[in-house]
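# What the coordinates show
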Amino acid sequence: MQVYSRQLGRLGAVLGLAAAMMAPFGVRAADGFPDKPVRIVVPYAAGGGVDIVTRLITQKMSDELKQPVIVDNRPGAATNIGMEHVARSAPDGYTLLTASNTLASNAALFPKLSFDPAKDFAPIGAIGYAPLVVVVRSDASAKSLKDLVAEGRAQPDRLSYGSAGNGSSGHLGSELLKAEGGFKALHIPYKGGSPAVTDLLGGRLSFMSINPLEVVSHIKSDKLRALAVLNPHPSKLLPDVPTAAAQGLPGADATVWWGLVGPAGMPPAVVQRLNQALQAALADPAIKQRMGEMGAEITPGSAEDFGRFVAEETVKWGKVIRAAGISAD
């Protein structure tokens, strides 16, 4: 028994020594990150909103990390190509993803994904969001959101709306608006927001729920009328447009949002280092100004904050998708 106790004592001492030796190594490994360029995958083509937001933060993040931060555009398959690439990458912090709404909606839209959006990514931090705005032609009979809802209730076969495609933020936002307002409207999917806006301007659609940055010029030139901001807070880009909540539909809350994630399994110290670099970028006055000009709100916070937000969005939009019978096809 004494021999066994002495063996346990020696084993404990060895394990204690090993732990003591590994702790400084872990600190050194975290302190040394990164020692090569960091790549952020944007699952959209260059020049779009997500690409612009990503490129806004990369220079400041590069300054903080003392390494180049490179944008890698991998568009296609409703962002699933870029997301799968990151999900399958080494969880070392060198391959990241600018996530957006599809991180929360694609699991419900694509039941046979080869990766799990809820399990295969580790949150790093939110970047910001822009509330969708409901727009009609300036000569439309609807002068307010209440008017549009009343029309949809009274004439359920009359209204139609366009979006950038099945499962897009505009599609889901409009379906949420319909559900909250209790009215009907036919969805017309397009291959991108621009052709849908063209048809709205041409009178071939009744309304759209869209990122205000895409239509602010048409609103200011009086070609389109903004009826509501789909957010509890007014838009800085369109401060005079009332919110849906102020017009009796507090549940009609839909935004486009962005944040950074990496592959699941990244070391916590690496996640923390990346979050620190992101927070430094979001605190930069020039970045704040540019995001404001885009109608976006910056949302600094921890990795845990962003993880909770994505989980809530996943539940919210999963319900909308199932209730409306939306598919990606």
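In case you missed it, the structure is sitting above this.
Below, the structure is looked at part by part. Every value quoted in this text rests on a predicted model; they were computed, and no experiment measured them.

Calculation notes
Residues numbered from 1 in each chain as written. Predicted model: local features only at pLDDT ≥ 70, side-chain atom pairs only at ≥ 80, totals over all residues. Heavy atoms only, no water. Pairing = 2+ DSSP bridges. Helix = DSSP H or I, 4+ residues; strand = E, 2+ residues; numbered from the N terminus. Contact = heavy atoms within 4.5 Å. Axes fitted to C-alpha atoms, helices over the stretch in contact; angles between N-to-C directions. Buried < 20%, exposed > 50% of the residue type's maximum accessible area, 1.4 Å probe, protein only. Right-handed = clockwise from strand over helix to strand, strands pointing away. 1 Å grid on protein atoms, 1.4 Å probe; cavity = no way out; pocket = protein on both sides within 12 Å on 5 of 7 lines; lining within 4 Å. Points joined across faces, edges and corners; volume = space filled by probe spheres on them. Domains from an automatic or database assignment. Arc of directions from axis to C-beta. Core = buried A, V, L, I, M, F, W, Y, C linked by side-chain atoms within 4.5 Å. Salt bridge = Lys/Arg side-chain N within 4 Å of Asp/Glu carboxyl O.

This paragraph deals with the sheet that holds strand E4 (residues 121-131). The mixed open sheet is built from six strands, whose spatial order is E2-E1-E3-E10-E4-E11. Pairing within the sheet leaves two strands with one partner each, and these edge strands are strand E2 (69-73) and strand E11 (297-298). Relative to E2, strand E1 (residues 38-42) is paired through five bridges, and the arrangement is parallel. Each bridged residue has a counterpart across the sheet, and for Val38 the counterpart in E2 is Val69. Against the sheet, helix H11 (residues 303-324) touches E4 and strand E10 (255-263), its axis set at about 70° to E4.

With respect to the element layout, Leu65 can be found in helix H2 (residues 49-65). For the pair Leu65 and Pro37, spaced 28 residues apart in sequence, the C-alpha separation works out to 9.2 Å. Leave out the neighbours within four places in its chain, and Leu65 touches Pro34, Val38, Arg273, Leu274 and Ala277.

This part takes up the pairing of E1. Taken across its five residues, E1 has four buried, putting it largely inside the fold. As a crossover connection, the stretch from E1 through H2 into E2 is right-handed. Relative to strand E3 (residues 95-99), E1 is paired through three bridges, and the arrangement is parallel. Among the inter-strand pairings, Val41 is bridged to a residue of E3, identified as Leu97.

Let's shift gears to the sheet that holds strand E6 (residues 160-163). Taken in spatial order, the five strands make up an open sheet running E7-E6-E8-E5-E9, and their pairing is mixed. The open sheet has two edge strands with one neighbour each: strand E7 (186-189) and strand E9 (224-229). The average angle at which neighbouring strand axes cross in this sheet is 30°, direction not considered. Pairing geometry for strand E5 (residues 133-137) and E9, over five bridges, is antiparallel.

What follows concerns the layout of surface pockets. Taken as a whole, the largest pocket encloses approximately 1,100 Å³ of empty space. What lines the largest pocket is a set of 46 residues, among which Tyr44, Ala164, Ser168, Ser169 and Glu214 lie closest to the centre. Looking at the lining of the largest pocket, the elements that each hand over two or more residues are H2, helix H4 (102-109), E6, helix H6 (169-181), strand E8 (207-210) and E10. No other element matches H4, which puts four residues into the lining of the largest pocket. If you count residues domain by domain, the lining of the largest pocket takes at least three from each of domain 1 (38-129 + 256-324) and domain 2 (131-247).

The next thing to look at is helix H5 (residues 145-154). Every buried residue of H5 is listed here: Leu145, Leu148, Val149, Glu151 and Gly152. The buried residues of H5 all sit within an arc of 160° when viewed along its axis, so they share a single face. Turned more than 90 degrees away from the buried face of H5 sit Lys146, Arg153 and Ala154, all of them exposed.

On to the nonpolar core, then. Generally speaking, nonpolar side chains in soluble globular proteins are found buried as a group. Counting residues in each nonpolar core, the largest one holds 61 residues, and the members touching the most others are Met61, Ile127, Leu177, Phe207 and Trp258. Of all the elements, helix H9 (residues 268-282) adds the most residues to this core, at seven residues. Viewed by domain, this core spans two of them, domain 1 (38-129 + 256-324) and domain 2 (131-247), each represented by three or more residues. When sequence neighbours within four positions are dropped, the list of residues in contact with Trp258 reads Val50, Val53, Thr98, Ala99, Ser100, Ala126, Ile127, Gly128, Tyr129, Ala130, Met291 and Ala296. Counting 18 residues, the second largest nonpolar core, distinct from the first, contains Tyr190, Ala196, Val197 and Ala226.

Relative to the assigned elements, Asn101 resides in the loop between E3 and H4. Its relative accessible area of 14% is what places Asn101 among the buried residues. Excluding residues within four positions of it along the chain, Asn101 makes contact with Ser169, Thr255, Val256 and Trp257.

In this structure, Phe309 sits in helix H11. Note on Phe309: relative accessible area 29%, which makes it partly exposed. Between the C-alpha atoms of Phe309 and Ala104, which are 205 residues apart in sequence, the distance is 9.6 Å.

This paragraph deals with the pattern of salt bridges. Following the criterion strictly, the structure yields ten salt bridges and no others. Asp51 serves as the salt-bridge partner of Arg55, at 2.9 Å between the closest nitrogen and oxygen. In this pair, Arg55 and Asp51 are both assigned in helix H2, four residues apart and thus about one turn of the helix distant. By relative accessible area, which is 40% here, Arg55 ends up partly exposed. Among the ionic pairs, Arg290 bridges to Glu293, the shortest N-O distance being 3.7 Å. With Arg290 and Glu293 both in helix H10 (residues 285-293) and three residues apart, this pair spans about one turn of that helix. Taking relative accessible area as the criterion, Arg290 reaches 34% and is therefore assigned partly exposed. Residue Glu293 is classed as partly exposed on the basis of its relative accessible area of 42%. In this structure, a network of salt bridges that share partners links the residues Arg39, Asp72 and Arg74.

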